[in-house]
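Listed below, chain by chain, are the residues.
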Amino acid sequence: MTRTSRFMDPSSIGPAEEEFSQSPESRWIRKRVKMRECARFVAADQKYDVKSYKESVCLCGLPFFKHNRFASIAVPSAVTWSWKRDTNVLPTDAFGEIEFVGYNDIQRKYVRIDAETNMRDVLQLLLKVWDIKKPNLLISVTGGTENFRMKSKLRDIFRRGIIKASKSTGAWIVTGGINTGVNRYVGEAIRDYWLTTTSTVPTVTLGITTWGCVKNREDLNDAFGSGLWPATYTVTPASDRIEKCLDPNHTHFILVDNGTNNQPGAEVKFRATLERAIANIKTGNSQDDVLVPMIKLLIEGGLESLESVQESIRNEIPVVIVKWTGGLADLLALIYDSAKVEYITEINDGRSRIRSRSVTDSMLPKKVRRAIEETLGDGNVESHWKILRECVLRRELVTVFDYRSTLEIDVAILKGLLKANKDQIFDQLKLALAWNRIDIAKSEIFTEDKIWPLGSLNEILHSAITQDRVDFVDLLLDNGISLKDFVTTERLLLLYNVAQEHSLLKELIFRVKRKHHTSGERITIKDIKRLIKLLIDINVEPYASRPAHQTVLVESNRKKESKFPFEDLFLWSVLMNRQDMAKLFWKQGKDATAYALLAFGILNAMATKTDDTELRNSLIRNAEEFGDLAVGVLNECFEADERKTNFLLIRRHEQFDGANCLKIAVKSDNKQFISHPACQDFFRGVWMGQLTPENGTFRLLISPVFLGIFLLKVKDVFYYAKDENAPRISLESDVNITVKQTTLERRMNIKRTTSDATAAVSTSESNKELISRNNNEMEGYSKKKLQGIRWQLHRIGSIYTAPVMIFAHSVIAYFVFLAIFSYMLLVEFDEHVGKYEILIFIWVITLLIEEMRQFCSTSQIRQNEEFTRVAIWQKFLKKKKEYWSDSWNKVDVLTIGLFILAAVLRFFPATITEARIVYSFCLMSFFFRILHIFTVHKELGPKIIMIRRMMIDLVFFLIILMVFVVSYSIATYAIMFPNSVLSYALVKQILRKGYWTLYGELFLEEYEDTSPAR
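None of these values were measured; they are calculated from a predicted model.

K.L.:
Quick question: what am I supposed to make of the overall build of the chain here?
P.N.:
The helix and strand tally for the chain stands at 41 helices and 19 strands. Looking at the chain residue by residue over its 1014 residues, the buried ones come to 46%. The long-range fraction of contacts in the chain, counting pairs at least 24 apart against all pairs at least 6 apart in sequence, stands at 68%. Summing over all exposed atoms, the chain offers an accessible surface of approximately 54,100 Å²; the carbon and sulfur share of this is 56%.

Okay, structure coming up:
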């Protein structure tokens, strides 16, 4: 449809039209983007008849009847036509989205734009209005547009390489945008990738062509000036040599308008200017980011491509020439390969650089002359030769790609860029990082002849970490970068503050800030400590924030450096949910088991704090992976040395406020780790104390009280003594872990004093020089077994202090307590307080004291802890929370509370009956406490847990059941006893009948009596 032109300002659009242009994109384009229309008719035919001017064609390419009625008419011989002078600038009437008929439903952006549009507006259109992500590379494809056929092998290599180069680097591809020649091959490569990938982000392919040469451009015009959403566009076979259809596989189109029609070339200068403007923006928003690199890809081509290549070389833009494609590409490749190479030294900014140049004869060889005539025509051969020599002069800017070799075209493109920036090593590295091409970095940048100054790669490492480039971080670490110099408090905070505004980490940090009434949007070290404490209830302090005596100072004017930087970066990676990065730092750091358990707990806790299903599944999956890693490390240690594995489990970690692996596993609820044979063997050893494994279950069952002295066996105790009546050095008194430390709590709090597990045994200072690592032989000393009265005393003490025996005695005592309580309540409970009741009073008081002890010992007091009023109150609240988190503690509090109430009531004769009732309920609660004892049994314990979980499901079942019970009860009662009086008895009767009906009680005698319940 031909649109009637209107000279108007956007403000002249009426209300009806304004309704169609309410989107921000439409308003911005109408305000900032212009087009051109011919304002002066100058006939192209110098001999035209004035009477027949309506049938004449203007120099702009349009016939007279398509001009605006206000356009002036000029005599051809009097003036010349110029598009800059003889056109009017108007708001564009062609923009929106194109829907190509027959090419799926993907819609592409397009705009008709003035050839002299400011490049700032064009960049804002691309980056802001169209919301295209900034490129890390700009690939400008030029070459054959007419009758160009690419060989099948080259076509496959080209498609694969151009997609790999664009996707791996985040590049934009700029072409002519029409459906012929090399532009069509680029579009087909994008189409093939789109059909086979699962990615929803298309490769940005920008087509820039002349508006007046677009076939069926009338389909893109909008009569109302508010854009077409979408514009239906039909691709038809090319019947005109000038007008071509747009390629349906490009993602964006810029249609350059200079007011002409069927006159190609209007986009050449615009495209070159836009490409330079794109190349002058940075790849990111950071100061360390580099300018967008640009490269020109030449495939075949003719005279227009020669001018483009010449312009690129003059602007120091590297060019990749695809050999064996014919035309200009083969001609330039021939000259490049046949030229001699000359190396010259240039001095710039006080630095010398070696550059290579192509030396060609000023006389034109016959072979080259024939090639120029066949490619560029017979005219101006000498001037063409001069331009060709200029194009291949700077060899660092030219790369010839021979597809018959094994080199991939994407590698040729990236190596061509690096070759052009050979002297700018850090820019090369930044480019490789932006492209995420670790292969290019390894082969071209990190070569053996490169020497990297200390600290020179810190900024690159920072960018690699923030961009989650795991391979690059690993490569930088392999090339000698010092993380101790890299990780400081300031840099650690910078890493934490790169978290996105609506990320889970930021949301959790804001919750912590609100909880502690702190302000500010930036994340601090204290916020991280509080967050980890909230997630897993363990105090963790990053090493980079430690006091000065715990950090390493290289120079007096240097910032504090981290003592263990891998652990700091590992915690950052875990909180940011960057799994691969976290595993890299985990492998490089120390205390692998402890940190894997910590990550398991943090990630699982974070999963409970989000409603995003995908994020929750990712966190749980990553947590399970770290759980498997912790178990895997424990497996390796357990198979290598069981004794050292025990010390690994109980060794305290300073960075976790003295917590060990077992405590972290309990806090993180890692049942898989706790159930590992290493942990179970350790717990079994603690449970048995000094009793030998030879004591079976039967002996343990019949051994409580006095029989244990005769039936149970105790581990032997040895000591070292000098050969000549020297004082004895008894392991009983000196080796704490062997004899004295028999409880689980004390065994779990042993602090490792050295990395060697055998040296972890705490001995007296005088004996450390005497006891060997294997405790078998010592020079001048003999090993003897403890005997006599001391052995018997030690044996008795070991039997009755073993946790298993203490538990057995506690169970027996508890059953005795229940028996006495039952006897008192059944037989001797009256107005007078009997001896059994007094005994029960004393017994319950001891239970109350035990509960108070548990409450006070739930949290350990740390060194240098403040004891202000607020701190003490917070400590109390923390203890209460920890104590109340155990459901059995709630049962204990309820039971003791009932007992106290009953004890008060029994001293009043009027409430003796109520006291009996409360005592009865209290006794029931004490009996329920037996279930807690059963939980330690390997058969009864799991069943109790199953029953408890089943009760939760039973509640929901009862809710559903009550729906039927209530509905049935009300319905039947209303039928049988209509017009009843509202009362409590009515509600009770209704629910009573419905409930007992479930058990078969039909109340037939009441139904036969028709009097309602009162």
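K.L.:
Would you mind showing me how to read helix H27 (residues 677-688) here?
P.N.:
Quick reminder: α-helices carry 3.6 residues per turn. Residues three or four places apart thus point the same way. When the terminal C-alpha atoms of H27 are compared, their 16 Å separation across twelve residues agrees well with the 16 Å that a helix rising 1.5 Å per residue should span. Three or more residues of H27 are buried, namely Ala 678, Cys 679, Phe 682, Val 686 and Met 688. Among the residues trailing H27, Gly 689 stands out with phi positive, at a value near 65°.

K.L.:
Honestly, unusual backbone geometry in this entry has me stumped. Any pointers?
P.N.:
Peptide bonds are trans in most cases, and residues, glycine excluded, mostly fall at negative phi. Cis geometry is adopted by the peptide bond preceding Pro 230, which originates at Trp 229 and carries an omega value of 5°. Position of Pro 230 among the secondary structure elements: in strand S10 (residues 228-233). One non-glycine residue with positive phi stands out, namely Asp 591, at about 50°. Accessibility expressed as a relative area gives 22% for Asp 591, which makes it partly exposed. Its identity is not glycine, yet Asp 669 carries a phi of approximately 60°, on the positive side. With respect to the helices, strands and loops of the structure, Asp 669 is situated in the loop between helix H25 (661-667) and helix H26 (671-674).

K.L.:
Hey, could you run me through the pattern of salt bridges in this one?
P.N.:
Within the structure shown, the criterion is met by 42 salt bridges. Residues Lys 109 and Glu 25 are paired through a salt bridge, measuring 3.1 Å at the closest nitrogen-oxygen approach. One end of the pair, Lys 109, is in strand S6 (residues 108-114); the other, Glu 25, is in helix H2 (residues 24-32), with 84 residues separating them in the sequence. Like Lys 109, the residue Glu 25 is buried in the burial classification. For Glu 316, the salt bridge identified is with Arg 394, shortest N-O distance 3.2 Å. Taken as a pair, Glu 316 in the loop between helix H7 (303-314) and strand S13 (319-322) and Arg 394 in the loop between helix H10 (381-393) and strand S16 (398-401) lie far apart in primary sequence, 78 residues in all.

K.L.:
It is not clear to me how the pairing of strand S7 (residues 137-143) should be interpreted in this structure. Could you clarify?
P.N.:
The side chains of a regular strand alternate between both faces of the sheet. Burial analysis of S7 places seven of its seven residues in the buried class, the great majority of the element. With four bridges connecting them, S7 and strand S8 (residues 171-175) associate as parallel partners. The residue bridging Ser 140 from the neighbouring strand is Val 174, located in S8. Bridge analysis of S7 against strand S12 (residues 294-299) gives six bridges, and the strand direction is parallel. Each residue of the ladder has a partner; that of Thr 142, found in S12, is Leu 298.

K.L.:
What should I look at first to understand empty space enclosed by the protein in this one?
P.N.:
Unoccupied space between atoms shows up once a probe the size of one water molecule is rolled over them. Going through the model one piece at a time under the given rule, you end up with two cavities of 30 Å³ or more. If you go around the second largest cavity, the residues you meet are Phe 566, Glu 567, Phe 570, Phe 585, Trp 586, Gly 589, Lys 590, Asp 591, Ala 592 and Tyr 595. Counting residues per element, the ones that place at least two in the lining of the second largest cavity are helix H20 (565-575), helix H21 (579-588) and helix H22 (592-607). In terms of residue count, the dominant contributor to the lining of the second largest cavity is H20 (three residues). Within the lining of the second largest cavity, the residues separate by chemical class into six nonpolar, one polar and three charged.

K.L.:
What is the right way to read the environment of Asp 330 from this model?
P.N.:
Mapped onto the elements of the fold, Asp 330 is located in helix H8 (residues 327-338). Of the residues examined, Asp 330 reaches a relative accessible area of 26% and is grouped as partly exposed.

K.L.:
Quick question: what am I supposed to make of the sheet that holds strand S9 (residues 205-210) here?
P.N.:
Across a sheet, strands are paired by hydrogen bonds formed along the backbone, either parallel or antiparallel in direction. One open sheet accounts for ten strands, arranged S10-S5-S6-S11-S9-S8-S7-S12-S13-S16; its pairing is mixed. With partners counted over all chains shown, the strands left at the sheet margins are S10 and S16, one partner each. With strand direction ignored, the average angle separating the axes of adjacent strands in the sheet is 25°. Helix H4 (residues 152-169) rests against S7, S8, S12, S13 and S16 of the sheet, and its axis sits at about 135° to S8.

K.L.:
How should the packing of aromatic side chains be read in this particular structure?
P.N.:
For any two aromatic rings, the description comes down to two numbers: the centre-to-centre distance and the angle of the planes. Summed over all chains, the structure comprises 27 aromatic pairs. The interplanar angle of 90° and the centroid separation of 5.9 Å between the aromatic rings of Phe 148 and Tyr 185 together place this pair among those described as edge-to-face. Residue Phe 148 is found in the loop between S7 and H4, and its partner Tyr 185 is found in helix H5 (residues 181-196); the two are separated by 37 residues along the sequence. A relative accessible area of 4% places Phe 148 in the buried class. You can call Tyr 185 buried: its relative accessible area is 4%. Measuring from centroid to centroid gives 5.7 Å for Phe 426 and Trp 452, while their planes differ by 70°, and the two rings are edge-to-face. Here Phe 426 is found in helix H12 (residues 425-435), whereas its partner Trp 452 is found in the loop between helix H13 (438-445) and helix H14 (458-466), with 26 residues between them in sequence. When its relative accessible area of 33% is taken as the criterion, Phe 426 is described as partly exposed.

K.L.:
What is the right way to look at the pairing of strand S5 (residues 95-100) in this model?
P.N.:
In terms of burial, S5 is a largely internal element, five of the six residues being buried. With four bridges connecting them, S5 and S6 associate as antiparallel partners. Note on S6: the bridge partner recorded for Ile 98 is Arg 108. Where S5 meets S10, four bridges bridge the pair, whose relative direction is parallel. Of the residues in S10, the one forming a bridge with Ile 98 is Ala 231.

K.L.:
For this particular structure, what's the right way to read a nonpolar patch on the surface?
P.N.:
On the surface, a cluster of nonpolar side chains totalling about 640 Å² of accessible area is made up of Val 833, Ile 838, Ile 842, Ile 900, Val 904, Phe 907 and Phe 908. Elements that contribute at least two residues to the nonpolar patch include exactly helix H34 (835-856) and helix H36 (887-905). Relative to the helices and strands, Phe 907 resides in the loop between H36 and helix H37 (912-928).

K.L.:
Is there a simple way to think about the state of the cysteines in this case?
P.N.:
Here a disulfide denotes one covalent bond, and it connects the sulfur atoms of two cysteines. A full pass over the atoms with the stated rule returns zero disulfides. Looking at the unpaired Cys 637, the closest cysteine sulfur is the one in Cys 661, lying at 9.4 Å. Residue Cys 637 is classed as partly exposed on the basis of its relative accessible area of 27%.

K.L.:
Got a minute to help me understand helix H24 (residues 642-650) in this structure?
P.N.:
Taken together, the buried positions of H24 are Thr 645, Phe 647, Leu 649 and Ile 650. Its side-chain oxygen placed 3.0 Å from the backbone nitrogen of Arg 643, Asp 641 serves as the N-cap of H24.

K.L.:
In this structure, what is going on with the environment of Leu 597? I would like to understand it.
P.N.:
Tracing the backbone shows Leu 597 in helix H22. For Leu 597, a relative accessible area of 0% translates into the label buried. In this structure the C-alpha to C-alpha distance between Leu 597 and Phe 626, which are 29 residues apart in sequence, comes to 6.9 Å. Not counting residues up to four positions away in its chain, the partners in contact with Leu 597 are Ala 630, Cys 661, Ile 664, Ala 665, Ser 668, Asn 670 and Phe 673.

K.L.:
Explanation requested: the packing of H4 against helix H11 (residues 409-420) in the structure shown.
P.N.:
Relative placement of two packed helices is described by the angle separating their axes and the distance separating the axes. Two elements in contact, H4 and H11, have axes separated by 7 Å at closest approach and are oriented at 50°. By the angle between their axes, H4 is oblique relative to H11. For the pair H4 and H11, the contacting residues are Ile 157, Phe 158, Gly 161, Ile 162, Lys 164, Ala 165 and Thr 169 in the first and Ile 409, Asp 410, Ile 413 and Leu 414 in the second. Split by residue class, the contact of H4 with H11 holds seven nonpolar, two polar and two charged.

Parameters at a glance
- Residues numbered from 1 in each chain as written.
- Predicted model: local features only at pLDDT ≥ 70, side-chain atom pairs only at ≥ 80, totals over all residues.
- Heavy atoms only, no water.
- Helix = DSSP H or I, 4+ residues; strand = E, 2+ residues; numbered from the N terminus.
- Buried < 20%, exposed > 50% of the residue type's maximum accessible area, 1.4 Å probe, protein only.
- Contact = heavy atoms within 4.5 Å.
- Areas by Shrake-Rupley, 256 points an atom, 1.4 Å probe, with all protein chains shown as cover.
- Expected span 1.5 Å × (residues − 1).
- Salt bridge = Lys/Arg side-chain N within 4 Å of Asp/Glu carboxyl O.
- Pairing = 2+ DSSP bridges.
- 1 Å grid on protein atoms, 1.4 Å probe; cavity = no way out; pocket = protein on both sides within 12 Å on 5 of 7 lines; lining within 4 Å.
- Points joined across faces, edges and corners; volume = space filled by probe spheres on them.
- Nonpolar A, V, L, I, M, F, W, Y, C, P; charged D, E, K, R; others polar.
- Axes fitted to C-alpha atoms, helices over the stretch in contact; angles between N-to-C directions.
- Phe/Tyr/Trp six-rings, centres within 6.5 Å; stacked < 30°, edge-to-face > 60°.
- Patch = residues over 30% accessible without salt bridge, like charges linked within 9 Å, V, L, I, M, F, W, Y side chains within 5 Å.
- Disulfide = S-S within 2.5 Å.
- Polar contact = N/O pair within 3.5 Å; in protein donor to acceptor, adjacent residues only side chain to side chain.
- Parallel < 35°, antiparallel > 145°, perpendicular 65-115°, else oblique.

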